[in-house]
Amino acid sequence: PASVEFRNVSMRYGSVTAVDNVNFTIEAGKLVTLLGPSGCGKTTTLRMIAGLEIASEGQILIGGKDVTKLSAADRDVSMVFQSYALFPHMSVLENAAYGPTVKGLGKEVAREMAMAKLALVGLKGFENRYPSELSGGQQQRVAVARALVLEPQVLLFDEPLSNLDAKLRRRVREEIRELQQNLNLTVAYVTHDQEEALAVSDRIIVMSNSRIAQEGSPRDLYERPANAFVADFIGDANLIDVTIKSVADGQASVAIGPATVPLPSRELQPGPAKVAIRPESLLLSKVQDASVLPGTIRKCAYLGNHLDIVVDTPVGDLFVIQHGHPEMLEQGAPVWLSFAKSGVTLIPPA
Ligand code: ADP
Ligand code: MG
């Protein structure tokens, strides 16, 4: 497998900037996800890795080699498209053998290469079917076999689960991750689904408005979001306006109602800021306590393995999750909220 590196890469279509001065590295043999809302530039980024678009500015390196101006055929990269893009008039085998056939490797060689990859994705016995005779999940496997057949240096997935139903999505994402790890593939994976990104990735690059909002491991992004966009896009967050009063030894605390909440060390400056608090980091008690944040239950929904609760407090409505099998709480009931040590993050002013 090869690494992928973007250096100050931009893509413009007339007056539209689809990707704006982006820098990142995907290490060889890793699965890195481009995560962000629709229209933020994910597909354009993948297409530039593939060579299906030529960057307007900047440099793209694959395996350390500058491929910026190379066409798709001259890059050792394959892509699994969102719609699979199978050839409907070709059998499963012909679809999977397409790459080596176009390369002129000979019918028998192409067939053997295709058979091996079809077996790898669990489609042995389906060689003679046509795409219309397969389920969505099977069609996706054909697309993966076709993308793998020439053993590319880099494999790209564009929202590979979007045409599958919810139950199947979970299984297929696990299969893609296993395949990537077993074959030691470099994968750039695109999704708008934060849970999917957390589940499959070595690292996540969060995109917003054609730029990178933050990159890091799934845990980094969830536990230390650098801005309100990431805090809110990955998981749920309660964003609360606070004032940082004094900073000593890189430690600071903020007042949230009557509660004093210590903040983890960061580059802190006195002044207005926001804190992001995860819903599972708000601890709810029915016992009165003057040193924590009081509130009343606005909503409480039973969701099987947890409760979704909205609490009306002096700092606004806060979203709380209680796992396990706690009792339902009645609307209007008084509660007191304290803050777990983890899951409270300072968001620097924008
Ligand atoms: P995503 O995959 O994150 O949804 P895209 O990369 O497809 O986003 O698109 C990013 C932005 O670039 C969008 O505003 C989109 O409309 C625009 N865009 C993408 N491709 C083209 C194109 N070929 N011509 C003009 N604008 C484009
Ligand atoms: Mg897209």
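Every chain is numbered on its own, with residues counted from 1 as its sequence reads. To label them, take the chains in the order written and letter them from A, then take the ligands in the order written and number them from 1. Given that this is a predicted model, residues contribute local features only at a pLDDT of at least 70 and side-chain atom pairs are listed and counted only at 80 or more, while totals for whole chains, interfaces and linings are drawn from all residues.

## Let's talk about the overall build of the chain
- A count of helices and strands for the chain gives nine helices and 21 strands.
- Reported as C-alpha extents along the three principal axes, the dimensions of the chain are approximately 80 × 45 × 35 Å.
- Out of the 350 residues in the chain, the part that is buried amounts to 39%.
- Note on contacts: each residue gets a C-beta atom placed from the backbone, and two residues are in contact if those atoms are within 7 Å. Contacts in the chain between residues far apart in sequence, at least 24 positions, make up 66% of those at least 6 positions apart. Segments assigned H or I by DSSP are reported as helices when at least four residues long, segments assigned E as strands when at least two residues long, and all are numbered from the N terminus. Residue burial is a threshold on neighbouring C-beta atoms within 10 Å of the residue's own C-beta, all placed from the backbone, with 20 or more meaning buried, 12 or fewer meaning exposed, and counts in between meaning partly exposed.

## Digging into unusual backbone geometry
- Unlike most non-glycine residues, N184 shows phi in positive territory, near 50 degrees.
- N184 sits in the exposed class, given 10 other C-beta atoms within 10 Å.
- With phi around 50 degrees, N209 is a residue other than glycine that occupies positive phi space.
- Along the chain, N209 turns up in the loop between β9 (203–208) and β10 (211–216).

## Some remarks on the site of ligand 1
- The environment of ligand 1 is formed by Y13, V16, A18, G36, S38, G39, C40, G41, K42, T43 and T44.
- For the shell around ligand 1, the secondary structure elements donating two or more residues are β2 (16–26) and α1 (42–50).
- The element best represented in the shell around ligand 1 is α1, accounting for three residues. Here is the check we use: build the C-beta atom from the backbone, and if it is within 6 Å of the molecule or strand, call the residue near.

## Here we look at the UniProt feature "domain: ABC transporter" (unreviewed entry) in the chain
- UniProt positions are given in the numbering used here, feature names are shortened, and annotations may be inferred rather than shown by experiment. The residues that UniProt annotates with the feature "domain: ABC transporter" (unreviewed entry) are residues 4–234.
- Helix makes up 35% of residues 4–234 and strand 26%, with an end-to-end C-alpha separation of 24 Å.

## Comments concerning the confidence of the model for the chain
- Here the chain averages 93 in pLDDT, and 96% of its residues register 70 or above.
- For this predicted complex, the interface confidence score (ipTM) comes to 0.99, while the overall pTM stands at 0.92. Summary of the metric used: pLDDT quantifies the predictor's per-residue confidence within the range 0 to 100.

## Focus on the sheet that holds strand β15 (residues 271–277)
- We call two strands paired when DSSP finds no fewer than two bridges between them. Taken in spatial order, the three strands make up an open sheet running β11-β15-β21, and their pairing is antiparallel. What marks the edges here is a single partner per strand, and that holds for β11 (238–244) and β21 (344–347). Averaged over all adjacent pairs, the angle separating strand axes in this sheet is 35 degrees, with direction ignored.
- Across seven bridges, the pairing between β11 and β15 is antiparallel. Only C-alpha atoms enter the line fits that serve as axes; for helices the fit covers just the stretch in contact. Angles between N-to-C directions range over 0 to 180 degrees.

## Details of the pairing of strand β4 (residues 57–62)
- Here five bridges tie strand β1 (residues 4–13) to β4, and the two strands are oriented antiparallel to one another. Counted as the bridge partner of R7 is Q59 from β4.
- The sheet contact formed by β4 and strand β5 (residues 65–66) spans two bridges and is antiparallel. Residue pairing across strands places I62 opposite K65, the latter belonging to β5.

## Comments concerning helix α4 (residues 107–120)
- Expected helix span is given by 1.5 Å per residue-to-residue step, counting one fewer step than there are residues. Between its first and last C-alpha, α4 extends 20 Å over 14 residues, near the 20 Å set by a 1.5 Å rise per residue.
- Every buried residue of α4 is accounted for by A110, M113, A114, K117 and L118. Axial view of α4: buried residues confined to an arc of 135 degrees, hence all on one face.
- Against the buried residues of α4 lie α2 (92–96), α3 (98–102) and α5 (136–148).
- Phi for G122, located one or two positions after α4, is positive at around 80 degrees. In this description, one arc is meant: the one made by directions from the helix axis to the C-beta atoms.

## Remarks on the nonpolar core
- Core membership is restricted to buried Ala, Val, Leu, Ile, Met, Phe, Trp, Tyr and Cys residues, and these are joined into a nonpolar core through C-beta atoms within 7 Å. Ranked by size, the top nonpolar core spans 94 residues in total, and within it L156, A188 and V206 carry the most contacts.
- Per-element accounting of this core gives the leading share, six residues, to α5.
- In terms of domain composition, this core takes at least three residues from each of domain 1 (4–229) and domain 2 (236–347).
- Excluding anything up to four places from it in sequence, A188 contacts V4, I26, V32, L34, L46, I49, V154 and L156. These domain limits were set by an automatic method or by a database of domain assignments.

## Some thoughts on the environment of M207
- Structurally, the position occupied by M207 is in strand β9.
- Residue classification places M207 among the buried positions, given that 29 C-beta atoms sit within 10 Å.
- Linking M207 and H192, residues 15 residues apart in sequence, is a C-alpha distance of 9.7 Å.
- Setting aside chain neighbours within four positions, we find M207 in contact with L34, L35, G36, C40, G41, K42, I212 and A213.

## Section: the environment of R146
- Tracing the chain through its elements places R146 in helix α5.
- Here R146 falls in the buried class, since 27 other C-beta atoms lie within 10 Å of it.
- Measuring from C-alpha to C-alpha, the distance between R146 and Y98 comes to 7.1 Å, with 48 residues separating the pair along the chain.
- Discounting chain neighbours no more than four positions away, the residues touching R146 are N95, A96, Y98 and G99.

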